[in-house]
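# Structural overview
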Amino acid sequence: MRRDESFNNSGAATLAPSVNARESKAVERLEQLAIPGPDRQHQRFFLVFIATFLFGLICIGFFNYLINATGAYQPKILPPIVWRYARAEKLNLLASAQPKPKLFVFGSSKTMLVSPKTLERLLGLPALNLCVNLARPEDHYVFLRAAVEKMGIVPRMILLGIDIEAFEDRPVDEWLLQTPELKEYLLFDEGRFLTHDKLTQLLSWWQTRLSVISLAHWLGFKKDNNPQHFDNQGLLHYDRWELEKRSGRYPLRQRIQASVADYQAMFKNYKKVSNQRTAYFSALAQYCKRHGIQLIAFIPPMHDQVVESLRSFGYEQRKQEVTNYLQTTAKTWGSTFIDLDQVGRFDGKPDDFYDGAHIDAANSDRLVLYLYHNGYLTTGPQKRDAF
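None of these values were measured; they are calculated from a predicted model.

## Here's the deal with the overall build of the protein chain
Check the secondary structure of the protein chain and you find 15 helices and nine strands. Split into buried and exposed, the 387 residues of the protein chain put 49% on the buried side. Of the contacts formed within the protein chain by residues at least 6 apart in sequence, a portion of 73% connects residues at least 24 apart.

Next up, the structure:
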């Protein structure tokens, strides 16, 4: 007989009291497991919450990937939002261009209507307009390095419209920082604390907001007052505005007045030229020199009414600082600089604007023809005394 058994009066073996106690505890434990207590309920809720949260992130990332509002990913179900987020689309155009361009047009929205076809006709070089909105010197520098070092495309010539306000001392544009293929070539640590790769961007509120806006446009819930698109050479087309200009219904005076207010506010706060921005432009000029690329830079025109309205807002002082710097840089690195800040300098027309800062296609062609006929834009020996 085992030590933990005893006999009752009838001689049957019974469990010792210690065994009964252990069985009772086991049963009690099983009952506790069967009916969750507060701690297990909290644990289960936490696990369900984490699983739901992760599933939600996967859905958001997949949604943003499919919509691809910035054009940075593979799917092309919907067109990207062009105006603000042109950098990714221009990179895609550059990567897919055939033949590979030998002439890049760099600049901001002010030079988005410089026609690659006009340049090709004059110079015989395949051209691509790579202008992006709110462009600063760092944009042109990183775009060129991405083209040369990532894509193996070395242009023969760059025509660069460089705005006076592009040298303002302000943070790097967030749309550049949200383009990893360009951000990696920044010289300073501007993007160190922002998103590090495309996967992180897919889960960001910024990307999700753009996806919702893009989907709303596609479904017709959100109307665009000025629909626009880039063609396969990067030239911007203002779909509605072009029709209004052709029909004679375009409200140019009203839009010029809106530009006056915008640029007065901008130059009121434009107190100095940024040393970091001049460093980027110098790096661009040096990079061009090292790779045998002709760099022709010019200040794009604004409407005379806008320029006159800025006289008391420090425009002349900022322009003098910028032009002095650009002249010195051009002499140092063998590039060319031309001041074309008003249409009278190249026989442009005051009515051929979209607003106070953006010339239309007719004035853009006049500007290019001026550069060509005056020896600044040529595949032969360049005219460099442009000051």
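## Some thoughts on the packing of helix H3 (residues 86-96) against helix H5 (residues 137-150)
Two measures define how a pair of helices packs: the angle their axes make with one another and the distance between the axes. For the pair H3 and H5, the least separation of the axes is 11 Å and the interaxial angle reads 30°. One finds that H3 runs roughly parallel with respect to H5. Along this stretch, H3 crosses H5, giving a crossing that reads as right-handed. Residues Arg-87, Lys-90, Leu-91 and Leu-94 of H3 form the contact with H5, whose participating residues are Asp-139, Phe-143 and Ala-147. Looking at the contact of H3 with H5, its residues break down into four nonpolar, no polar and three charged.

## A short note on helix H11 (residues 252-268)
The terminal C-alpha atoms of H11, which comprises 17 residues, lie 24 Å apart, in line with the 24 Å expected from a rise of 1.5 Å per residue. Every buried residue of H11 is accounted for by Leu-252, Ile-256, Ser-259, Val-260, Tyr-263 and Phe-267. Seen end-on, H11 carries its buried residues on one side only, within an arc spanning 115°. For H11, the exposed residues lying more than 90 degrees away from the buried face are Gln-254, Asp-262 and Lys-268. Taken together, the buried residues of H11 touch helix H13 (304-309) and helix H14 (315-333).

## Side note on empty space enclosed by the protein
Here the idea is plain: a probe the size of a water molecule rolls over the atoms and shows the empty space left. Summed over the entire model, instances satisfying the criterion amount to three cavities of 30 Å³ or more. Size it by volume and the second largest cavity reaches roughly 40 Å³. Around the second largest cavity, the lining residues are Lys-110, Asp-163, Ile-164, Glu-165, Ile-299, Pro-300, Met-302, Tyr-315 and Asp-341. Its residues assigned to classes, the lining of the second largest cavity comprises five nonpolar, no polar and four charged.

Analysis parameters
Residues numbered from 1 in each chain as written. Predicted model: local features only at pLDDT ≥ 70, side-chain atom pairs only at ≥ 80, totals over all residues. Heavy atoms only, no water. Helix = DSSP H or I, 4+ residues; strand = E, 2+ residues; numbered from the N terminus. Buried < 20%, exposed > 50% of the residue type's maximum accessible area, 1.4 Å probe, protein only. Contact = heavy atoms within 4.5 Å. Axes fitted to C-alpha atoms, helices over the stretch in contact; angles between N-to-C directions. Parallel < 35°, antiparallel > 145°, perpendicular 65-115°, else oblique. Left-handed = near helix turned anticlockwise from the far one by under 90°. Nonpolar A, V, L, I, M, F, W, Y, C, P; charged D, E, K, R; others polar. Expected span 1.5 Å × (residues − 1). Arc of directions from axis to C-beta. 1 Å grid on protein atoms, 1.4 Å probe; cavity = no way out; pocket = protein on both sides within 12 Å on 5 of 7 lines; lining within 4 Å. Points joined across faces, edges and corners; volume = space filled by probe spheres on them.

That's the geometry; what it means functionally is another story.
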